[in-house]
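# Structural features, examined
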Amino acid sequence: MTVAVNVRGAVKSYGTNRVLDEVDFTAQAGQVTAIIGPSGSGKSTLLRAINHLEPLDSGYVTVRGELIGVRLHKGRLRELSERAILRQRSRIGFVFQSLNLFPHLSVVENVIEAPVVTQRVPKQQAIARAKDLLTKVGLADKIDAYPRQLSGGQQQRVAIARALALEPELILFDEPTSALDPELVGEVLTVIRDLAAAGTTMIVVTHEIGFAREVADHVVFIDAGRVVEQGPPDQVLVAPRHDRTREFLGKLV
Amino acid sequence: MTSSSPPKPSQETELPQPVKESAETAETTDDLVDKLESRRVVPLRHPWRWVASAVVLVLLAQAAHALTTNDAFQWDAFGYWFTRPVVVEGLLLTLQLTGLSAVFGLLGGIVLALMRLSRNPVLQSVAWAYIWLFRSIPLIVLLLFLANITALYATLSLGVPFGPSFVEFSANDLLSFYMVAVLGLSLNEAAYAAEIVRSGIISVDQSQLEAASALGLPKGRQYRRIILPQATRAIIPAYANQLIGLLKGTSVVYITSLLELFGVVQSQASINSGQIIPLLMVGTIWYIVLTSLLSIVQYYLERYFSRGALRTVPPTPFQRLRSRLRTTGVAR
Amino acid sequence: MPSSRRSVRLSLTAAASVVALAALSACGSSAAPPAAAVDASGNTVVTVAANTDFTTPVQLTVPRVEAIRAKLPKAVLDRGTLVIGVGGLPNSTPPLDLIGSDQKTLTGNEPDLGRLVAAVLGLTPDVQNASWQNLFVRLKSGQFDAGFSNITVTEERKVQGLDFATYRKDNLGFEVNKNTTWNFDGNYQSLAGKTVAVNTGTNQEKILIEWRNKLQAEGKTLEIRNFADTNSTYLALSSGRIDAYFYPNPTVAYHVAKTASTPNPTRSAGSYSGAGATLQGLIAATTKKDSGLVEPLAEAINYLIENGQYAKLLAAYGLDDEAIPKAEVNPPGLPINNS
Ligand SMILES: Nc1ncnc2c1ncn2[C@@H]1O[C@H](COP(=O)(O)OP(=O)(O)OP(=O)(O)O)[C@@H](O)[C@H]1O
Ligand SMILES: [Mg+2]
């Protein structure tokens, strides 16, 4: 098993609020890692730190062994140029919680934008691929619609297709289902499940404990910016070792 | 009847008489549907709308009558002046000045807005100072200053500040009055356009930039493809306002010895002083024509840039007219 | 004290700014040259009062006078042109300066006198129309050689660095609506209870204020109104918001004639010497101080006075009453304390 993502000693503060406090964790290639934890515990911040949308104060992140957003120079970590960071990001898919589609572009334009611009895929080829992807997420008939003409679950699936269009080696999901009603949650989870089956490396911040148990290979529970407990879902979610984890899971039920 | 209240009471009171009777005899409203003569709901009538429309139309007719029959307006003089070459020349100058300074002003405004929004404190404060300065200087003083820059600098040069210069121009050769006018209007316009563009950009949700940068889109592309098209939607109405102001504001260029539409009208009125009112009407009607054209362009631009922002784009007036004719059976 | 328009008080001291420009096509705005031709004996024939619909053109022959020409600064001689500035934008002041009936050519008493003077000096006239403010900026920067634009000699303008060679005095007049009966009988008391418009910063205003003060002392009133420009003053007159408009008599006469066949005709209700009680105001050709032009200008005007062209010019525009016997250089002007 190879390590896909490695987070070491991640620290991030907003003023005096230490949102990430020496976070260490790894995600294996080809596996689904679920991050759970109470609201405000730093899950989104951690996820955003992985593709350098949120620069760390100290610590570092590697994806398949490559430092993200920084480089090693004379024993110190120096921030990369904006351009280099953007290039790294184009290999990491990110699906936001909500409202992240470009409303003035049609569904297919949303999906092909990044491959055409960052990977110089010819437009016709990108469109053909986008159609495949959209078919895969069940939106073959919506390619010319605009995002606001779609339901919430459909929008979320477009967002996933957009992230997939870059053929990323890693996809980060930030609460992909929190804005959706239960029926739509199903639509999105099906897509993620299919991706998992195909062996895509994914890190998913989620409140869906059932989903985490079913799909995740590895669960990380964080609280107040610290990793409290991590391990296989059967352990963390069914027989947690820490009181804090038990308390959190108890509240959810 | 006692247990179930009708779901839409207003609808029931609108029902035709015979149906109402049968509804009263019915045990419940559940089987009402079978007893209706027609299922169509009769819409509420609005008699006061008709009254209000009639009043407004009468007032309009009176205004039209007052305008056309009062000889103070000297409509024959109006007709003479309306298409006089001197007036048309002024009109063309107005159009050129407005067009050029609208374009240069907008380009400058975009650059200034991006500077103000950048994280570079030098760019930020330079843009801020520019906007502050050019919104403070009266346009007329700016134009007079530029027109007479030769009194201060006989030559203008491009080169290193305080160092050698590469090219030198005689200010008088370079700056014709026409260019002074375009330059002055554009410098002024850019300051206002900058704020309009900035307001458009900050009206686009921050998450759009974040999403674009998560996809790895280059910075320039993020702005060109993602932010500006969405900002444009907010920019258009405000900039159209600004343009209409500019259209009429160009009249101050008389200070640099150019006469545009209003200047010509003023100048001719001061010579043909018995015809001040018809001449002012000539200017007014031309401005109305130009403003109307701008409003039409604005309408279609807004429609174009509302793609995706509205679930359904509203029909154009033309389409609306056609569909109305179709529903009344006039056109098919 | 005659009709002076507002004086320029815009001081343009500005910090250096680097102006980078894309070169665009240039397009000037000087008025078309007048009908002037040099005849067989080397005299210039100038057509004055050309292109107007209220008077008839007159051809005047003007010889080039070498003795005066010799006094011109070398730079002007080398250039061969006399740049004449007129402040007729956007509002003309007919019959003193106006755009001709071809709606293009700048004509009127002032530019025509400039053309005659240029002929005496053997220079090609280059008449440029400008806004009143721009006229003064350009005179002071030397871009215009001489202003012929109904400019009154004032002490303030002398301080600002201008020289004057006088060529005309003027009379003031009252314009009223034709359907009214009031007349000015030469006595300020006939203005009691009236509302009169006047141009700001002029000698007419000074005279009116003096009369108002006298009337107030007698327990009577005179209301003075200032409008942005002549057009709005005319509109106020025809709408009856003012009883009379007090301004230069030649323009009163012109405007009365122009409105005769319109729905709101006016008439002249009497005139008054622009000299007022104590001062003789004068209109002058205006030039940058110590440019060396003021003497030759004055001598050229005197030449035209002595040889009759001057009188014919004024007659062509109906300005005979404003003639002066002799051009003077920098005579006493409107005092500075007069606002
Ligand atoms: N830009 C910011 N400035 C200041 N504080 C911030 C910022 N972003 C996040 N925070 C704070 O950091 C903490 C962690 O935020 P984060 O969004 O990571 O929480 P989360 O675990 O994702 O919570 P949720 O489950 O509610 O989404 C919160 O207390 C939040 O208020
Ligand atoms: Mg979150």
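All values derive from a computational prediction rather than experimental measurement. (Residues numbered from 1 in each chain as written. Chains lettered and ligands numbered in written order. Predicted model: local features only at pLDDT ≥ 70, side-chain atom pairs only at ≥ 80, totals over all residues. Heavy atoms only, no water.)

### Quick notes on the overall build of chain A
- Along chain A, the regular secondary structure elements total nine helices and 12 strands.
- In terms of overall dimensions, chain A has C-alpha extents of about 50 × 50 × 35 Å along its principal axes.
- Counting all 253 residues of chain A, 57% fall into the buried class.
- Counting only contacts in chain A whose residues sit at least 6 apart along the sequence, the fraction spanning at least 24 positions is 64%.
- Accessible surface for chain A amounts to roughly 11200 Å². Of this, 47% is attributable to carbon and sulfur atoms. (Helix = DSSP H or I, 4+ residues; strand = E, 2+ residues; numbered from the N terminus. Buried < 20%, exposed > 50% of the residue type's maximum accessible area, 1.4 Å probe, protein only. Contact = heavy atoms within 4.5 Å. Areas by Shrake-Rupley, 256 points an atom, 1.4 Å probe, with all protein chains shown as cover.)

### Regarding the site of ligand 1
Residues and elements named next belong to chain A.
- For ligand 1, the set of nearby residues contains 13 residues, the closest of which are Ser39, Gly40, Lys43, Ser44 and Thr45.
- A distance of 2.7 Å is found between an oxygen atom of ligand 1 and a side-chain nitrogen or oxygen belonging to Ser44.
- Within the contact set of ligand 1, an oxygen atom lies 3.2 Å away from a side-chain nitrogen or oxygen of Glu175.
- The protein chains hide 59% of the 640 Å² of surface that ligand 1 would expose on its own.
- Mapped by element, the contributors of at least two residues to the shell around ligand 1 are β2 (17-28) and α1 (43-50).
- With three residues, α1 is the single largest residue contributor to the shell around ligand 1.
- Looking at the shell around ligand 1, its residues break down into three nonpolar, eight polar and two charged. (Near = heavy atom within 4 Å. Polar contact = N/O pair within 3.5 Å; in protein donor to acceptor, adjacent residues only side chain to side chain. Nonpolar A, V, L, I, M, F, W, Y, C, P; charged D, E, K, R; others polar.)

### Let's talk about the domain arrangement of chain C
- Parsing chain C into structural domains produces domain 1 (3-11 + 171-273) and domain 2 (31-170 + 279-322).
- A C-alpha centroid distance of 28 Å is found between domain 1 of chain C and domain 2 of chain C. (Domains from an automatic or database assignment.)

### Quick notes on the packing of helix α15 (residues 276-305) of chain B against helix α7 (residues 230-238) of chain C
- Following both chains from N to C, one finds α15 of chain B and α7 of chain C inclined at 125 degrees, their axes separated by 10 Å at the closest point. Relative to α7 of chain C, the element α15 of chain B is oriented oblique. Where α15 of chain B approaches α7 of chain C, its residues Ile276, Ile277 and Leu280 of chain B are matched on the opposing element by Asn231, Tyr234 and Leu235 of chain C.
- Here the contact of α15 of chain B with α7 of chain C is composed, by residue class, of five nonpolar, one polar and no charged. (Axes fitted to C-alpha atoms, helices over the stretch in contact; angles between N-to-C directions. Parallel < 35°, antiparallel > 145°, perpendicular 65-115°, else oblique.)

### Topic: the nonpolar core
- Counting residues in hydrophobic clusters, the biggest one holds 84 residues, and the most contacted among them are Val5, Val7, Phe25, Ile50 and Ile203 of chain A.
- At 14 residues, the largest contribution of residues to this core is made by helix α11 (residues 177-202) of chain B.
- Here this core gathers at least three residues from each of two domains, domain 1 (3-91 + 170-251) and domain 2 (100-168) of chain A.
- By size, the runner-up hydrophobic cluster in this structure holds 59 residues, among which are Leu123, Val153, Ala284 and Leu297 of chain C. (Core = buried A, V, L, I, M, F, W, Y, C linked by side-chain atoms within 4.5 Å.)

### Here's the deal with the environment of Asn43 of chain C
- You can see Asn43 of chain C is positioned in the loop between β1 (36-38) and β2 (44-48).
- Those residues in contact with Asn43 of chain C, other than ones at most four positions away along the chain, are Ala37, Val38, Thr61, Val62 and Pro63 of chain C.

### Here's the deal with the pattern of salt bridges
- On inspection of all chains with the given rule, the structure shows 30 salt bridges over all chains.
- Of the charged contacts in the structure, one is a salt bridge between Glu113 of chain A and Arg221 of chain B, with a shortest N-O distance of 2.6 Å. Of the two residues, Glu113 of chain A sits in helix α3 (residues 107-118) while Arg221 of chain B sits in helix α13 (residues 219-249), which places them in two different chains.
- Accessibility expressed as a relative area gives 3% for Glu113 of chain A, which makes it buried.
- Taking the relative accessible area as the measure of exposure, Arg221 of chain B reaches 24% and is therefore partly exposed.
- The network of salt bridges with common partners includes Asp223, Arg244, Glu247 and Lys251 of chain A. (Salt bridge = Lys/Arg side-chain N within 4 Å of Asp/Glu carboxyl O.)

### Focus: the packing of aromatic side chains
- The tally for this structure, following the rule as stated, stands at 26 aromatic pairs over all chains.
- On the basis of an interplanar angle of 85 degrees and a centroid distance of 5.1 Å, the ring pair of Tyr80 of chain B and Trp81 of chain B is categorised as edge-to-face.
- With relative accessibility at 39%, the residue Tyr80 of chain B sits in the partly exposed group.
- Ring-pair connections join several aromatic residues into one group, and the members of that group are Phe174, Trp182, Phe184, Trp211, Phe246 and Tyr272 of chain C.
- Sitting above the plane of the Phe102 of chain A ring, Arg162 of chain A keeps its charged end 4.6 Å from the centroid.
- If you follow Arg84 of chain B out to its NZ or CZ, it ends over the ring of Tyr80 of chain B, 4.0 Å from the centre. (Phe/Tyr/Trp six-rings, centres within 6.5 Å; stacked < 30°, edge-to-face > 60°. Lys NZ or Arg CZ within 6 Å of the ring centre and 35° of its normal.)

### Quick word on empty space enclosed by the protein
- In total, this model carries four cavities of 30 Å³ or more according to the counting rule given.
- Lining the largest cavity are 17 residues, with Ser273 and Gly274 of chain B together with Leu235, Ser238 and Asn264 of chain C sitting closest to its centre.
- For the lining of the largest cavity, a count of residues per class yields seven nonpolar, 10 polar and no charged. (1 Å grid on protein atoms, 1.4 Å probe; cavity = no way out; pocket = protein on both sides within 12 Å on 5 of 7 lines; lining within 4 Å. Points joined across faces, edges and corners; volume = space filled by probe spheres on them.)

### What about the pairing of strand β10 (residues 171-177) of chain C?
All names here are of chain C.
- Across the seven residues of β10, seven count as buried, placing the element largely inside the fold.
- Summarising the sheet, β10 and strand β13 (residues 244-248) pair through four bridges and their orientation is antiparallel. Opposite Leu172, over in β13, you have Pro248 as the bridge partner. (Pairing = 2+ DSSP bridges.)

### Let's talk about the domain arrangement of chain A
Residue and element names in this part refer to chain A.
- The domain boundaries assigned to chain A delineate domain 1 (3-91 + 170-251) and domain 2 (100-168).
- Of note, the centres of domain 1 and domain 2, computed from C-alpha atoms alone, are 24 Å apart.
- On the side of domain 2, 13 residues touch domain 1, which itself brings 12 residues to the contact.
- At the boundary of domain 1 with domain 2, total buried surface from both sides reaches about 1100 Å², with 74% on carbon and sulfur atoms.
- In terms of residue class, the side of domain 1 that touches domain 2 is made up of nine nonpolar, one polar and two charged. (Buried area = accessible area lost by both parts, 1.4 Å probe.)

### Some points on the sheet that holds strand β3 (residues 32-36) of chain A
Residues and elements named next belong to chain A.
- Spatially, β8-β9-β10-β3-β11-β12 is the arrangement adopted by the six strands of the open sheet, whose pairing is mixed. Lying at the two open borders of the sheet, with one neighbouring strand each, are β8 (92-95) and β12 (226-231). Each strand axis lies, on average, 15 degrees off the axis of its neighbour in the sheet, ignoring direction.
- With four bridges joining them, β3 and strand β11 (residues 218-223) adopt parallel strand pairing. Directly across from Ile36, in β11, lies its bridge partner Phe221.
- Lying on the sheet, helix α5 (residues 152-164) is in contact with β8 and β9 (170-174); it crosses β8 at an angle near 170 degrees.

### Description of the interface of chain A and chain B
- Contacts between the two partners involve 27 residues from chain A and, on the opposite side, 22 residues from chain B.
- Between chain A and chain B, the buried area comes to about 2300 Å², and carbon and sulfur atoms account for 56% of it.
- Note that Glu82 of chain A and Lys219 of chain B form a salt bridge whose closest N and O atoms lie 3.4 Å from each other.
- The tally of links between chain A and chain B comes to eight residue pairs in polar contact (both at pLDDT 80 or more).

### Some remarks on the sheet that holds strand β4 (residues 58-63) of chain A
Residue and element names in this part refer to chain A.
- Taken together, four strands build an open sheet; the order of strands is β2-β1-β4-β5 and the sheet is antiparallel. At either margin of the open sheet sits one strand with a lone partner, and together these are β2 and β5 (66-67).
- Judged from the eight bridges that link them, strand β1 (residues 3-14) and β2 form a sheet pairing that is antiparallel. Note on β2: the bridge partner recorded for Val3 is Gln28.
- Contacts between α1 and the sheet are confined to β1, β2 and β4, with β2 contributing the most and set at about 60 degrees to the helix.

### Concerning the pairing of strand β15 (residues 283-288) of chain C
All names here are of chain C.
- Burial runs high along β15: five of the six residues are buried.
- In terms of strand pairing, strand β9 (residues 162-168) meets β15 through six bridges, oriented antiparallel. Each residue of the ladder has a partner; that of Leu162, found in β15, is Lys288.

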